[in-house]
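What follows is each chain in one-letter form.
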Amino acid sequence: MSAYVQPNAEGVKGDPPGPCRHKNAAGQYDLKCWYNAHAEFNGCARGECGYEFMRFNTSYPEQPDGVLYPPECDLSDLPAGTLVVDDVASGVPSVRPECATAVPNHGRFSLRFSSGAKDGYGEHPSKIDFHQVGTGYGGHNWFAHTQPNTTEGNRRKVTGTWTLGRSLNGWARVMVHLPAHHAATQRARYVINLGNGKKKTRYAVQLTAGAADRNTWVSLGVMQFAGTPSIDLDNISREPIDKARLEDDPPVSWNPSVAWDAVAFTPLPVKPRHFVVALGDSYSSGEGVTDKKTEELQSNDYYPETDFNNRAGLMNMCHRSTQAWSRQGVLNDSPRSIGSRSDDLDPTLDYQFLACSGAVTNNVIPGGYGQWQEVAQIDKGYLDENTTLVTISIGGNDTGFGKIVEKCLTGSNCQDKEIRKCDLNGDCDESSADKTTGVMSELVPYHITHTVWPAISTTLMKIHQRAPNAKIVLMGYPEAFPARTAEELAQIDHDYPECNPGVCMLLSTASLASLHSIENTLFSVKEGDFANSVSRNLNDMFHSAAEELREEEGVQVFFSDPINDFRGHDVCAETPGIHGAILGDLPFVNDISGKTPAEKAVLIEGGLPVSQQSYHPNLLGAQLYARSLNDTLQVMGL
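What counts, and at which threshold
- Residues numbered from 1 in each chain as written.
- Predicted model: local features only at pLDDT ≥ 70, side-chain atom pairs only at ≥ 80, totals over all residues.
- Heavy atoms only, no water.
- Helix = DSSP H or I, 4+ residues; strand = E, 2+ residues; numbered from the N terminus.
- Buried < 20%, exposed > 50% of the residue type's maximum accessible area, 1.4 Å probe, protein only.
- Contact = heavy atoms within 4.5 Å.
- Areas by Shrake-Rupley, 256 points an atom, 1.4 Å probe, with all protein chains shown as cover.
- Pairing = 2+ DSSP bridges.
- Axes fitted to C-alpha atoms, helices over the stretch in contact; angles between N-to-C directions.
- Disulfide = S-S within 2.5 Å.
- Phe/Tyr/Trp six-rings, centres within 6.5 Å; stacked < 30°, edge-to-face > 60°.
- Parallel < 35°, antiparallel > 145°, perpendicular 65-115°, else oblique.
- Nonpolar A, V, L, I, M, F, W, Y, C, P; charged D, E, K, R; others polar.
- Core = buried A, V, L, I, M, F, W, Y, C linked by side-chain atoms within 4.5 Å.
- Salt bridge = Lys/Arg side-chain N within 4 Å of Asp/Glu carboxyl O.
- Polar contact = N/O pair within 3.5 Å; in protein donor to acceptor, adjacent residues only side chain to side chain.

Colleague: I'd like a rundown of the overall build of the protein, residues and numbers included.
Modeller: The number of helices and strands found in the protein is twelve helices and 25 strands. With 638 residues in all, the protein has 51% of them scored as buried. A sequence separation of at least 24 residues applies to 73% of the contacts in the protein between residues at least 6 apart. Surface summary for the protein: the accessible area is close to 28700 Å², and the carbon and sulfur share equals 50%.

As structure tokens, then:
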């Protein structure tokens, strides 16, 4: 119709009821139709109700049947006897042809939408951003975007509740299904009602959409039920966001989607013997651990949701590896590893893996900052009165080991150079409280004794308070560089009076010719010995802190020293257990050989790009760590 005709003009009827078939001068549909009389949406009586008028031409061909996000259609990944509660009622047919048979449903799912009561109209603005999609368990899940925990955010709150259709009295494993699409929050907060009025809160990373586009069941742990259980999940984001993400480019996405799919309860005959929780930093998460020996050292062993960057704000670099040493540990009631037992949902074991690369003590303790939009490790809720074992390595980043390595990589005799204490803390900015400067060989030991030690003791006490019945393994750090005797150092001084570049300490795919002043980019033997001394100082402190807490506070914490296990497997050994410096090609600083999908170029002093896998255990190193763990577990009676 002509542009000057108004839709409410007298006598205007426009096109007949049905889809808009108006065309422009070029003969193309332009959707410019007016109609102001009664209309029927298709002929429902004729079986036409709800069908779209679809148009396809040679420039816009018809799409194939949807196969991008395949659904989960059966219970093959769950033990026999598992009770599933789906997000749709029993008997509702699936929209996906792969799920022709209705999946079992042993309960009901309900939704609560917050109202806009403050405006007096009783509206439900939370329904505006609430959607469904044909993925996940049975080919269906709901999703909405997370909202801040503010008055306005809570007006858009959606709460989904799964309720089992029978009572459950005894121990059971709780599983949640994460769909391959629209599951993107890294702090999904599940509140489990045990049936007797008691509740447990567990956080899960829902980053399955995009990270791997896969359907997966995730365990929230084993719990004791007494009555009819239910599980609540809402879209309110209650936790602080990692400060390091505030200046990222592109900026972080503040409202990733949360998905409601299915939950499951697997009844167990008795209480599991072991409840194991793995906390800690990159040495615990398995940074650098891979059994894929490609030219690029590309790791395929990180859980996808912990090695993800969609360049649109969602990112996770916790790098939790399937080959991490806590998963390779062995308990005394089975010859199988903890990881393999957990993967098979062994009814005698509950294992939770929460360690994250880059963690400091503040990322572990309650109320601390989480990393990559996850919550602080203890705040995830998996430590409780049932926990029997906690493994942790922590303190290396509090000590500033990364900064120490950087100083030694980019200059000679780093141990004699000055460094600011706030550099070791990683918080050198205008608001830094402590900018004390000192020679590194003196300031680092002082920092370990007066700053790191109290932080470690506090962290261990916080673990004990949340898991009072657990035994704790505090894992130490290995000596990364060849250990030298005084006689050997004296001989090196005699043979190389200026500086001996430790070429073996640089495992790089970069062309040596592209490096300027190569003698200043490598660890000298003296620098390697200084770095080793930092590990020894930390381990001595760990041993003393563990003894002190065990004797004075009754905390069952045991120190595990891996140095002897790594002897002969340093970065220069024929069979190294630790990566050296993994560098990129300098002309292309964003192309780090060995980088993972979520790893950016990390530029250290002098513009040298270094992979965060540098100076971390490789697959052999994780096995050596597991050996140290197993020796300690025997001493502990586990």
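Colleague: For the environment of Gly 395, give the residues involved together with the corresponding values.
Modeller: You can see Gly 395 is positioned in the loop between β19 (389-393) and α5 (396-399). For Gly 395 and Ile 448, which are 53 residues apart along the polypeptide, the C-alpha to C-alpha distance reads 8.8 Å. If we ignore the near neighbours within four places in the chain, the residues touching Gly 395 are Asp 281, Val 452, Ile 456, Tyr 477 and Leu 538.

Colleague: Which residues make up the sheet that holds strand β4 (residues 141-145), and what values go with them?
Modeller: Ordered by their spatial adjacency, three strands build an open sheet running β3-β4-β13, and the pairing between neighbours is antiparallel. Every other strand in the sheet has two partners, leaving β3 (131-133) and β13 (257-260) as the edge strands with one partner each. Recorded for the sheet is a direction-independent mean angle of 35° between the axes of neighbouring strands. Relative to β4, β3 is paired through three bridges, and the arrangement is antiparallel. When the sheet's bridge partners are listed, His 131 is paired in β4 with Phe 143.

Colleague: So what's going on with the state of the cysteines? Residues and values would help.
Modeller: Applying the stated criterion to the full structure yields two disulfides. A sulfur-sulfur separation of 1.9 Å characterises the disulfide bridge that pairs Cys 73 with Cys 99. Measuring handedness by torsion sign, the sulfur bridge of Cys 73 and Cys 99 sits at about -80° and is left-handed. Note that Cys 73 is positioned in the segment before β1 (83-85) and Cys 99 in the loop between β1 and β2 (107-113), a separation of 26 residues in sequence. For Cys 73, a relative accessible area of 23% puts it in the partly exposed group. According to the relative accessible area criterion, Cys 99 is buried, its value standing at 3%. For Cys 318, the disulfide goes to Cys 356, at an S-S distance of 2.0 Å. Measuring handedness by torsion sign, the sulfur bridge of Cys 318 and Cys 356 sits at about -85° and is left-handed. Of the two residues, Cys 318 sits in the loop between β17 (315-316) and α3 (325-328) while Cys 356 sits in the loop between β18 (349-353) and β19, which places them 38 residues apart along the sequence.

Colleague: Account for the packing of aromatic side chains, with residues named and values stated.
Modeller: A complete count under the given rule lists 16 aromatic pairs for this structure. Ring centres of Trp 325 and Tyr 625 lie 5.6 Å apart, and the angle between their planes is 25°; this geometry places the pair in the stacked category. With Trp 325 in helix α3 and Tyr 625 in helix α12 (residues 619-636), the pair connects residues that are 300 residues apart, well separated along the chain. Residue Trp 325 is classed as buried on the basis of its relative accessible area of 1%. Since its relative accessible area comes to 0%, Tyr 625 is described here as buried. Clustering of aromatic rings is evident, with ring pairs tying together Tyr 283, Trp 325, Tyr 477, Phe 542, Phe 559, Phe 566 and Tyr 625.

Colleague: Would you mind going over the packing of helix α6 (residues 401-409) against helix α10 (residues 525-552) in detail, with residue names and values included?
Modeller: At a closest axis distance of 11 Å, the pairing of α6 and α10 adopts a crossing angle of 175°. Of the possible angle classes, the one that applies to α6 and α10 is roughly antiparallel. When α6 is examined against α10, the residues Phe 401, Ile 404 and Cys 408 are found in contact with a partner set consisting of Glu 527, Phe 530, Ala 531 and Val 534. Of the residues assigned to the contact of α6 with α10, the class counts are six nonpolar, no polar and one charged.

Colleague: Give a description of the nonpolar core that names residues and reports values.
Modeller: Counting 101 residues, the largest nonpolar core has Trp 162, Tyr 190, Leu 220, Phe 225, Trp 260, Phe 265 and Leu 279 as the members making the most contacts within it. The element best represented in this core is α10, accounting for nine residues. The next biggest cluster of nonpolar side chains, apart from the first, holds nine residues, and it includes Val 103, Tyr 137, Met 175 and Ala 264.

Colleague: Give a description of the pattern of salt bridges that names residues and reports values.
Modeller: Evaluation of the coordinates by the stated rule reveals 19 salt bridges. Here Arg 155 makes a salt bridge to Glu 152, at a shortest N to O gap of 3.2 Å. Residue classification places Glu 152 among the partly exposed positions, given a relative accessible area of 34%. We note a salt bridge from Lys 380 to Glu 374, for which the minimum N-O separation is 2.4 Å. Take Lys 380 and Glu 374: they sit in the same class, and that class is buried. Among the charged side chains, a network of salt bridges with common partners joins Lys 200, Arg 202, Asp 384 and Glu 385.

Colleague: Outline the side chain of Asn 141, listing residues and values.
Modeller: Within the secondary structure layout, Asn 141 lies in strand β4. Judged by relative accessible area, Asn 141 falls into the buried class, the value being 0%. Separated by 2.6 Å, the side chains of Asn 141 and Thr 135 make a polar contact. When near neighbours in sequence (up to four residues on either side) are disregarded, Asn 141 contacts Asp 87, His 131, Gln 132, Val 133, Thr 135, Gly 136, Pro 179, His 181, Ala 259, Trp 260 and Asp 261.

Colleague: Mind laying out the pairing of β13, listing which residues take part and the relevant values?
Modeller: Taking every second residue as pointing to the same face, both faces of β13 are buried, with Ser 257 and Ala 259 on one and Val 258 and Trp 260 on the other. Sheet topology note: the β4/β13 ladder contains four bridges and is antiparallel. By the bridge assignment for β13, Ala 144 is matched with Val 258.

Colleague: Report on unusual backbone geometry, specifying residues and quantitative values.
Modeller: Non-glycine residue Leu 345 carries a positive phi angle of around 55°. Tracing the sequence through the fold places Leu 345 in the loop between α4 (338-343) and β18. Not every positive phi belongs to a glycine, and Tyr 615 is a case in point at roughly 55°. In this fold, Tyr 615 is placed in the loop between β25 (608-610) and α12. The buried category is assigned to Tyr 615, whose relative accessible area is 5%.

Colleague: So what about the environment of Ala 455? Which residues, and what values?
Modeller: Of note, Ala 455 is situated in helix α8 (residues 440-466). The exposure class assigned to Ala 455 is buried, which follows from its relative accessible area of 18%. A sequence separation of 94 residues divides Ala 455 from Thr 361, and the C-alpha atoms of the two residues are 6.5 Å apart. For Ala 455, the residues in contact, after removing those within four places along its chain, are Thr 361 and Asp 398.

Colleague: Tell me about the sheet that holds strand β7 (residues 168-178), residues and numbers included.
Modeller: Two modes of strand pairing occur in sheets, parallel and antiparallel, and in both the strands are linked by backbone hydrogen bonds. Overall, antiparallel pairing links the four strands, which are arranged β1-β14-β7-β10 in an open sheet. Two strands bound the open sheet, and with one partner strand each, they are β1 and β10 (216-227). Sheet twist, expressed as the mean angle between neighbouring strand axes with direction ignored, is 25°. In this sheet, strand β14 (residues 263-267) lies alongside β1 in antiparallel orientation, the contact comprising three bridges.

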